[in-house]
Amino acid sequence: LAKTTQPISMDSYEGQEVNITCSHNNIATNDYITWYQQFPSQGPRFIIQGYKTKVTNEVASLFIPADRKSSTLSLPRVSLSDTAVYYCLVAPYSSASKIIFGSGTRLSIRP
Amino acid sequence: DGGITQSPKYLFRKEGQNVTLSCEQNLNHDAMYWYRQDPGQGLRLIYYSQIVNDFQKGDIAEGYSVSREKKESFPLTVTSAQKNPTAFYLCASRPRGRTGTYEQYFGPGTRLTVT
């Protein structure tokens with residue numbers, strides 16, 4: 001299973017763009033990269049998933065370089081409600097797999 | 001209204017007692033997972049199940065047991081052998097095969113306190 005490394009914490013201000021980078025040096029060919037958001041005392045919530053290049057949805061963008069050894073979650077114009085823990089995972093596109101969460105990045109947004 | 005339910009939200013038990021946490025899903029997902037989360041920490045995988053009547057240990061299975069008799073249900077029993085059972089327990093499910101984004105869906109969690 002590919003191990004991921006993320007910064008423990010990050011701080012930013014409302015209205016800024018926030019980029020959180022995740023390192024996954026031993027990602028396998030059939031692994032996908034997925035990001036989740038978790039608020040206190042709640043289950044994680046899916047944000048975005050990708051395999052290569054760039055993926056964008058209504059809440060975030062995911063940038064994956066050609067070697068796929070890292071990925072960057074980009075949150076445009078953050079607000080106070082984006083204060084949460086963000087997890088990066090890599091896992092095969094198959095239900096027959098363990099899915100391991102790392103420690104995540106604690107993002108704090110200030111007014 | 002599809003989703004995952006966990007009950008109860010808060011659970012209190014005396015040390016030495018076994019306790020079973022409920023997890024039900026009506027999403028028709030094949031795979032189900034149990035995670036444990038301690039304060040300020042990430043999620044750690046306890047058990048997971050890919051299909052009915054089959055399950056595998058995760059990274060911290062000692063002191064826990066599960067069953068998967070129905071596709072919709074994946075109860076977790078915290079036994080008296082678990083040294084530090086007080087934690088936030090999260091259940092998740094995941095669809096099988098290529099059905100768009102392939103994310104896990106999480107329940108609201110059960111906070112277990114053992115004294």
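Our structure's up above, just so we're on the same page.
Note that the coordinates shown come from a computational prediction; the quantities given were computed from them, not determined experimentally.

A. Fine view of the state of the cysteines. Residues and elements named next belong to chain B. With the rule as written, the count across this model stands at two disulfides over all chains. A sulfur-sulfur separation of 1.9 Å characterises the disulfide bridge that pairs Cys23 with Cys91. Negative torsions about the S-S bond denote left-handed disulfides, and the value of about -75° found for Cys23 with Cys91 makes this one left-handed. Here Cys23 is found in strand β3 (residues 19–25), whereas its partner Cys91 is found in strand β9 (residues 87–94), with 68 residues between them in sequence.

B. Main features of the nonpolar core. Within the largest apolar cluster, 20 residues are counted, with the highest numbers of intra-cluster contacts made by Val18(A), Ile33(A), Trp35(A), Ile47(A), Leu73(A), Leu75(A) and Tyr86(A). When contributions to this core are tallied by element, the ones reaching two or more residues are β2 (18–23), β3 (31–38), β4 (45–50), β6 (61–64), β7 (70–75), β8 (84–92) and β9 (105–110) of chain A. The leading source of residues in this core is β8(A), at four residues. Listed in part, the 19 residues of the second largest apolar core include Tyr47(B), Val66(B), Leu76(B) and Cys91(B).

Here is what the cut-offs are and how they apply
- Residues numbered from 1 in each chain as written.
- Chains lettered and ligands numbered in written order.
- Predicted model: local features only at pLDDT ≥ 70, side-chain atom pairs only at ≥ 80, totals over all residues.
- Heavy atoms only, no water.
- Disulfide = S-S within 2.5 Å.
- Helix = DSSP H or I, 4+ residues; strand = E, 2+ residues; numbered from the N terminus.
- Core = buried A, V, L, I, M, F, W, Y, C linked by side-chain atoms within 4.5 Å.
- Buried < 20%, exposed > 50% of the residue type's maximum accessible area, 1.4 Å probe, protein only.

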